[in-house]
Amino acid sequence: MDKIGIVDAVNSWFGTAARDLPWRDPATPAWAVLVSEFMLQQTQVERVLPRWTAWIERWPTPAALAADPPGEAVRAWDRLGYPRRALWLHQAAVEIAERHGNRVPSAVDDLLALTGVGPYTARAVAAFAFGERHPVVDTNTRRVIARAVHGRAAAGMPAARDLDDMAKLLPDDPAAAAVFNAAAMELGAIVCTARAPRCDVCPIAEWCEWRGSGYPDNAPAKRPKQARFEGSDRQARGRVMAALRAAHGPVTRAAALAAAAPDPSPRDPAQAERAVSSLLSDGLIVAAGDALRLP
DNA sequence: GTCCAGGGCA
DNA sequence: TGCCCTGGAC
């Protein structure tokens, strides 16, 4: 493996292929970077952009968000999906305001201690907001390393090994390391994709162990099949949340149940009740007398 | 129509 | 290990 060749090729490819995203601007405050990473955990860039812009305009600091009720965060989250993350981001803002003097911490351990911040987000913020040299590994990076370095078609289960692999590739210079972290993710996202890799336009095709050994399919993707969304509890929960976001005040329990199950003859009559009770236990909705509202 | 991606939590 | 949501790819 030619480490220098790979790093230089990926970074210069990134210089031409990378989109001009506002959170990549070096002047972007750490708080805005943290918000972008929360949103990008689960959502494509195109959908995140308008929500992110509105969010940091409305809540330019952690304390500003912490001063509003969490339900406002859930409403502003809109349809980004996984609305528990809006609650977690609000809680993280409270923790930053209270424990860190309204300044996003730069140490990975401090970041990891924040609600909703895991190994990926902690290192992403340390690297991209503070310029620290850390391996930042998401599933795209893991796939790129599995193929280019290990000659495997797909990454295995996430492991500490992934961080070691990326750390070995990282340039010594922190700024170049930050670029490589972002570039490797981008390469995996748009070129070295899971299903249809575009090796013809890959900047590191000449070094790729997987390509060099004839694309062995030695990783039969044992990913558990995702449950269908149509008719799922998740869909029912999403419908209740949409109704609560649209209503600017409490809605009756009956209305929430009706929103959960618009089908007049649902196959699973208990599903609406499950949706409401699980949302209550997640704290995404709260009881207000006989009605329900955002927290 | 079906399948898939995405990080963190319990 | 299973669950959370949505929209886009196939």
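The structure we're discussing is the one just above.
Described in the following lines is the structure provided in the data block. All values derive from a computational prediction rather than experimental measurement.

1. Comments concerning the packing of helix α2 (residues 30–40) against helix α8 (residues 119–128)
Close contact between α2 and α8 brings their axes to 10 Å; oriented N to C, the two are set at 145°. Pair α2 / α8 crosses with right-handed handedness. For the pair α2 and α8, contact is made by Val33, Leu34 and Glu37 and by Tyr120, Thr121, Ala124, Val125 and Phe128, respectively. Its residues assigned to classes, the contact of α2 with α8 shows six nonpolar, one polar and one charged.

2. Observations regarding the side chain of Gln271
Turning to its location among the elements, Gln271 is positioned in helix α15 (residues 271–282). Side-chain polar atoms of Gln271 contact the backbone oxygen of Ser232, separated by 3.4 Å.

3. Examining the protein's contact with DNA strand B
If you check the shell around DNA strand B, you find 21 residues, and the closest are Arg85, Gly116, Gly118, Asp138 and Gln226. Backbone atoms, meaning sugar and phosphate, make up 64% of the atoms of DNA strand B lying within 4 Å of the protein. The contact in question runs from a phosphate oxygen of DNA strand B to an N or O atom on the backbone of Gly118, over 2.7 Å. Asn140 is positioned such that a nitrogen or oxygen atom in its side chain is 3.0 Å from a phosphate oxygen of DNA strand B. Counting only elements with at least two residues in the surface near DNA strand B, the list comes to α6 (84–99), α8 and α9 (139–148). Looking at the surface near DNA strand B, its residues break down into six nonpolar, nine polar and six charged.

4. With respect to the nonpolar core
One finds Trp31 and Trp55 to be the most contacted residues of the largest nonpolar core, which totals 49 residues. Among all residues touching Trp55, those that are not within four sequence positions of it are Trp31, Val35, Met39, Leu65, Ala73, Ala76, Trp77 and Leu89. Within the second largest apolar cluster, 27 residues are counted, among which are Ile6, Ala9, Met166 and Ile204.

5. A few points about unusual backbone geometry
The residue Tyr82 is not glycine, and still its phi comes out positive at about 45°. Structurally, Tyr82 is set in the loop between α5 (70–77) and α6. Of note in this structure, Tyr215 is not a glycine but carries a positive phi near 55°. Judged by its relative accessible area of 36%, Tyr215 falls in the partly exposed class.

6. Looking at the side chain of Asn11
Note that Asn11 resides in helix α1 (residues 3–17). Assessed through its relative accessible area of 17%, Asn11 is described here as buried. Within polar-contact distance, the side chain of Asn11 engages the backbone nitrogen of Phe180 at 3.4 Å. Not counting residues up to four positions away in its chain, the partners in contact with Asn11 are Ala176, Val179, Phe180 and Ala183.

7. A word on α15
Here α15 contains 12 residues, and its C-alpha end-to-end distance of 16 Å stays within 8% of the 16 Å for a straight helix at 1.5 Å per residue. Those residues of α15 that are buried lie in contact with α13 (233–246), α14 (253–260) and β3 (291–293). Following α15 by one or two positions, Gly283 has its phi on the positive side, about 80°.

8. A closer look at the protein's contact with DNA strand C
Taken together, Arg47, Arg79, Gly81, Tyr82, Pro83, Arg84, Gln226, Phe229, Arg234, Arg237, Gly238 and Leu284 are the residues near DNA strand C. Within 4 Å of the protein, the contacting atoms of DNA strand C are 60% sugar and phosphate, with bases supplying the remainder. Between a base nitrogen of DNA strand C and a side-chain N or O atom of Tyr82, the distance comes to 3.1 Å. The separation between a base nitrogen of DNA strand C and a polar side-chain atom of Arg234 is 2.6 Å.

9. Quick look at the packing of aromatic side chains
Counted under the stated rule, the structure contains four aromatic pairs. Aromatic side chains Trp55 and Trp59 sit 4.7 Å apart centroid to centroid with 70° between the ring planes, which places their arrangement in the edge-to-face category. Across this residue pair, the class does not change: Trp55 and Trp59 are buried. Ring centres of Trp210 and Tyr215 lie 4.9 Å apart, and the angle between their planes is 85°; on these two criteria the pair is classed as edge-to-face.

10. A few points about the sheet that holds strand β2 (residues 286–288)
In space, the three strands of this open sheet follow the order β1-β3-β2, with antiparallel pairing throughout. Edge positions in the sheet fall to β1 (251–252) and β2, since each of these pairs with one other strand and no more. One ladder, built from two bridges, connects β1 with β3; its direction is antiparallel. Within β3, the residue paired with Thr252 across the bridge is Ala291.

11. Re the packing of α13 against α15
Contact geometry of α13 with α15 gives a least axis separation of 9 Å together with a crossing angle of 70°. In terms of their interaxial angle, α13 and α15 are classed as roughly perpendicular. Considering the relative orientation of α13 and α15, their crossing is right-handed. Facing α13, whose interface residues are Asp233, Ala236, Arg237, Val240 and Met241, α15 presents Gln271, Arg274, Ala275, Val276, Ser278, Leu279 and Asp282. Taken together, the residues of the contact of α13 with α15 break down into six nonpolar, two polar and four charged.

How each quantity is defined
Residues numbered from 1 in each chain as written. Chains lettered and ligands numbered in written order. Predicted model: local features only at pLDDT ≥ 70, side-chain atom pairs only at ≥ 80, totals over all residues. Heavy atoms only, no water. Axes fitted to C-alpha atoms, helices over the stretch in contact; angles between N-to-C directions. Helix = DSSP H or I, 4+ residues; strand = E, 2+ residues; numbered from the N terminus. Left-handed = near helix turned anticlockwise from the far one by under 90°. Contact = heavy atoms within 4.5 Å. Nonpolar A, V, L, I, M, F, W, Y, C, P; charged D, E, K, R; others polar. Polar contact = N/O pair within 3.5 Å; in protein donor to acceptor, adjacent residues only side chain to side chain. Near = heavy atom within 4 Å. Core = buried A, V, L, I, M, F, W, Y, C linked by side-chain atoms within 4.5 Å. Buried < 20%, exposed > 50% of the residue type's maximum accessible area, 1.4 Å probe, protein only. Expected span 1.5 Å × (residues − 1). Phe/Tyr/Trp six-rings, centres within 6.5 Å; stacked < 30°, edge-to-face > 60°. Pairing = 2+ DSSP bridges. Parallel < 35°, antiparallel > 145°, perpendicular 65-115°, else oblique.

The quantities given are spatial measurements derived from coordinates; they are silent on function.
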